[in-house]
Amino acid sequence: MSNLTDNTGYEHIEVLGAREHNLKNIDLTIPRNKLVVITGISGSGKSSLAFDTIYAEGQRRYMESFSAYARSFIGGMERPNVDKINGLSPVISIEQKTTSKNPRSTVGTVTEIYDFMRLFYARAGEAFSYLSGEKMIKQSVDQIIDVILHDYDNQKLIILAPIVKGRKGHYRELFVQIAKLGYTKVRVDGVVMDIQPKMQLDRFKIHDIEIVIDRIVVKAEDRFRLSQSVQTALNQGKGLMMIRDEKGEVRNFSKFLMDPKTGISYDEPAPNTFSFNSPYGWCPCCQGLGVVEEITEEAILPDKSLSISRGAIAPIGEYREMWIFKQLEVLLKPFKVSLTTPLDKFPKEAVEIMLYGSDEPVPVPSKKYEGTEWNTKYEGIINFLKRQQESGSDKIQEWLKDFMMIRTCPDCNGARLKKEALFFKIDNKNIAELAQLDVSDLAKWFEGLEERMSERQNVIGREVLKEIRKRIGFLTGIGLEYLTLNRPLRTLSGGEAQRIRLATQIGTQLTNVLYIMDEPSIGLHQRDNVKLIQALKDLRDLGNSILVVEHDKDMMLESDYIVDIGPGAGRHGGSIVGQGTPEEFLKNNSTTAKFLSGETNIEVPKQRRKGNGNTLVIKGASGNNLKNVTLKLPLGKMIAISGVSGSGKSTLIHETLFPILNRHFFNSKREPMPFKAVEGLEFLDKVIEVDQSPIGRTPRSNPATYTGMFSDIRTLFCELPESKIRGYKAGRFSFNVKGGRCEDCEGAGMKKIEMEFLPDVHIACETCKGKRFNRETLEVRFKGKSIADVLDMTVEQAVSFFENQPKIQRKVQTLHEVGLGYLTLGQQATTLSGGEAQRVKLAEELSKRDTGKTIYILDEPTTGLHFQDIKALMEVLQKLVDKGNTVLIIEHNLDVIKVSDHVIDLGPDGGRNGGQIIAEGTPEQVAKVKGSFTAKFLKEELNG
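Residues numbered from 1 in each chain as written. Predicted model: local features only at pLDDT ≥ 70, side-chain atom pairs only at ≥ 80, totals over all residues. Heavy atoms only, no water.

Draft legend 1. Focus on a nonpolar patch on the surface. Judged by side-chain polarity, Trp323, Tyr369 and Trp374 come together as a nonpolar surface patch covering roughly 360 Å² of accessible area. The residue Trp323 is located in helix H9 (residues 323–332) in this model. (Patch = residues over 30% accessible without salt bridge, like charges linked within 9 Å, V, L, I, M, F, W, Y side chains within 5 Å. Areas by Shrake-Rupley, 256 points an atom, 1.4 Å probe, with all protein chains shown as cover. Salt bridge = Lys/Arg side-chain N within 4 Å of Asp/Glu carboxyl O. Helix = DSSP H or I, 4+ residues; strand = E, 2+ residues; numbered from the N terminus.)

Right under this line is the structure:
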């Protein structure tokens, strides 16, 4: 059968003359409708080929297909630096950087499962009253008349139309309007009365008002009159009406959903009734976020052993000549306490008045006019902060965050929806309860649901249920069954977010598409890797081409074709060093092929470290899914924390251990997750967390500025004879301040041209040609290089260039050791990947003088790293541990786990079924534990 499946006319994707970034004019032929892996050493040019060349050209062609009018709003896209690309299908990129920071974006909304559930509940849900718990009923006009004729035959009734329910007001105008409609009587708060001229009620009391539509004796022959009165009552009451019988008992009727006992009614349900992103469905208290920010007493008074003058009230700090302190002095006198009394000695009433204010005027003696007093009202600290919260500037809002705590919304208890939406149920479950189940439990609930639903619900829900089950199946298929639908997307790792987008794409069932992915195996346990590879193969089998930038061994061996880029990184990369099917590729002589075939590998240490004999212990950790865990960390070792995705690793380390240590050493305000006790803090003197967040959010930040090396380089330049003659100081060599920078681009090297309706365009500054500095500054040279030349150097070049400058050389050498030799010193922070940013931070920490009592916490430092780079990184980390420090690594990569001294494995599974330590000890000991998924793969690796 031919591979030609569309009208491109090509069996392959042909890339001719790719020169983007460091690519060296490469030509490449990639088979279509196959799973193709692009691999190579970090920085060799994989992303330049996949994203900056192939994806960018696909995007550009898509934009070109728009009309000239549409393109005038979007703007054109620059053509990538490539001669030609043939056989290109429509391209979809699934990257790791697409995680939404919006708290309203959840797993359920992104996968569309929640959207289908909203439709399901709107059409098939059964409504119950939130007051009585009774099932709500809906009646037509004929049904209401039939009920009245049947239940009240020959009885005298008053037919009422409710127009005001439980609201304050005098309603003078309302009574005038009712009289104009021709009605003479109303029922006010249960009492029937005639409408009088200038009639009004007590405006401060709550009232119920109904119009008396008719007084009638119910008889079958008077059905026409009864029908007219019922219809009039429903029109006036906007779908609601009431009747009062001879005994004075009232009964409610409604054209909408109504509780027959209490008379409350709900609007007709629609999908947006169940949306926490719509005012029709969200909880009015938290506006659908499930949490509220509150100014709390704990944040305002963090240390009650202090006195007010020593800074016990955090927002106002220590005593100064300020009005508020004078007010407090007078206010506290009746309680026999002063500004120097510790807060824990204050009576409760004094604290209450201090926080919430007092209506009594406070007489403060005047300094200017002796013998006189200022009588002012004291507002209270919390009331003052609340007022600032509502009307303060952005800077004040930022300041207020220190005194606020995020709490679960008291109205909806985190369900995000208004109470009416929570009382629509299917099989006794409301939509919020389903959103709180993890995907595996949700799948079980939907199993056999048809048998538990009525015939009507089955007819309505048949097609919707198919769609829901299909999407739940995709999530389970890629190993995300431990997530819940209401989990915000911003709390997911890059790998999890990428796999959710992958599940969504499989759900769309598109064909003839080229998917480009960036390391989808990140954050994935070996067990789930199999599921991911199968999901990618399913996507391929639909008739799509899959291009994956990846370092994972299993992914490469399971792929249809491998392309290896190298041989080195940065300027030493950009060439194709090997390609072919996995079988053909293994015969290559490239670094990747040697690691895959087992010719080269990361050696297991012959001996595991014994540590320094001290232990850090966290007892009773129970945050999220942790089940009363006791964590014992033997200090002076390299420790790996392993376990399947969702087993509780991040909760235990990032949200419990790190905040405990950070609070102890640096007085951080961040609260750790619940735990009972901590022991062994005295054996450490600081904690350093090295995560993957960017090192800077602007192009002005770069590795040289982040590591502090640039300050030393500027000092070096200002001490040169030429600088001293010209009187240049260190500031002259900074591109952030006036003096030595190019003022035309203000040191950015680029000029931003604002294009009104089009995107901003960045072009190199014409004055300095992208050098960032003015001509006079660039005339000062060290070893023939200007400050701009130094910023353009790679780390590798800088190592030899600064060999006689120990302070600078130490920092450059460390960057080189962590595998970043290919970066330039001035590379913009915004262009670094998460893994590169993490290694820059690691290098910055490594270049500092350590004490031997530090604990380093790293989260998946192998992200984006080739086998060769992992080997180099582990050597650097081993040096840290050799000096007596403790290195704690959360990791799935078996090469890291097998070289660690101690492994702590969480599990046995993800989500609800995780949260326990199921194995700990040396890698050899952990490999023998039954019931651990990590053990099974670790055993193969150690024996391999």
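Draft legend 2. Region of interest: the state of the cysteines. For the structure on display, the rule yields zero disulfides. Of all cysteine sulfurs in the structure, the one in Cys409 sits closest to Cys285, which takes part in no disulfide; the separation is 3.7 Å. Overall, the relative accessible area of 34% leaves Cys285 in the partly exposed class. Unpaired in terms of disulfides, Cys765 finds its nearest cysteine sulfur in Cys768, a separation of 3.7 Å. Residue class for Cys765 comes out buried when judged on its relative accessible area of 1%. (Disulfide = S-S within 2.5 Å. Buried < 20%, exposed > 50% of the residue type's maximum accessible area, 1.4 Å probe, protein only.)

Draft legend 3. Quick peek at the pairing of strand E8 (residues 185–188). Sheet analysis places E8 next to strand E9 (residues 191–194), joined by four bridges and oriented antiparallel. In the strand pairing of E9, Arg187 is matched with Val192. Between E8 and E9, which pair antiparallel one after the other, the connecting turn spans two residues, and Asp189 there sits at a positive phi close to 50 degrees. Where E8 lies against strand E10 (residues 206–217), three bridges are found, and the strand directions are antiparallel. Within E10, the residue paired with Arg187 across the bridge is Glu210. (Pairing = 2+ DSSP bridges.)

Draft legend 4. Highlighting the environment of Leu888. Secondary-structure assignment places Leu888 in strand E32 (residues 886–890). For the pair formed by Leu888 and Ala640, sequence separation is 248 residues and the distance between their alpha carbons is 6.0 Å.

Draft legend 5. Representation of the sheet that holds strand E34 (residues 916–921) in the model. Strand order in the open sheet formed by six strands is E28-E31-E32-E26-E33-E34, and the pairing between neighbours is mixed. In the strand order of this sheet, the two ends are held by strand E28 (686–690) and E34, each with one partner. Strand after strand, the sheet turns through a mean of 15 degrees between neighbouring axes, direction not considered. Contacting strand E26 (638–643), E28, strand E31 (854–859), E32 and strand E33 (902–907), helix H22 (residues 649–666) crosses the sheet at an angle of about 140 degrees to E28. (Axes fitted to C-alpha atoms, helices over the stretch in contact; angles between N-to-C directions. Contact = heavy atoms within 4.5 Å.)

Draft legend 6. The arrangement of the pattern of salt bridges in detail. Counted according to the given criterion, the structure contains 53 salt bridges. Across the salt bridge formed by Glu57 and Arg60, the nearest N and O atoms sit 2.9 Å from each other. Pair noted here: Glu57 and Arg60 are both in helix H1 (residues 46–64), with a separation of three residues, about one helical turn. The salt bridge involving Glu467 is made with Arg471; its shortest N-O contact spans 2.6 Å. Residue Glu467 and its partner Arg471 are both found in helix H16 (residues 455–477); the two are separated by four residues, about one turn of the helix. Three or more residues joined by partner-sharing salt bridges are found here, namely Glu481, Arg527, Asp528, Lys531 and Asp909.

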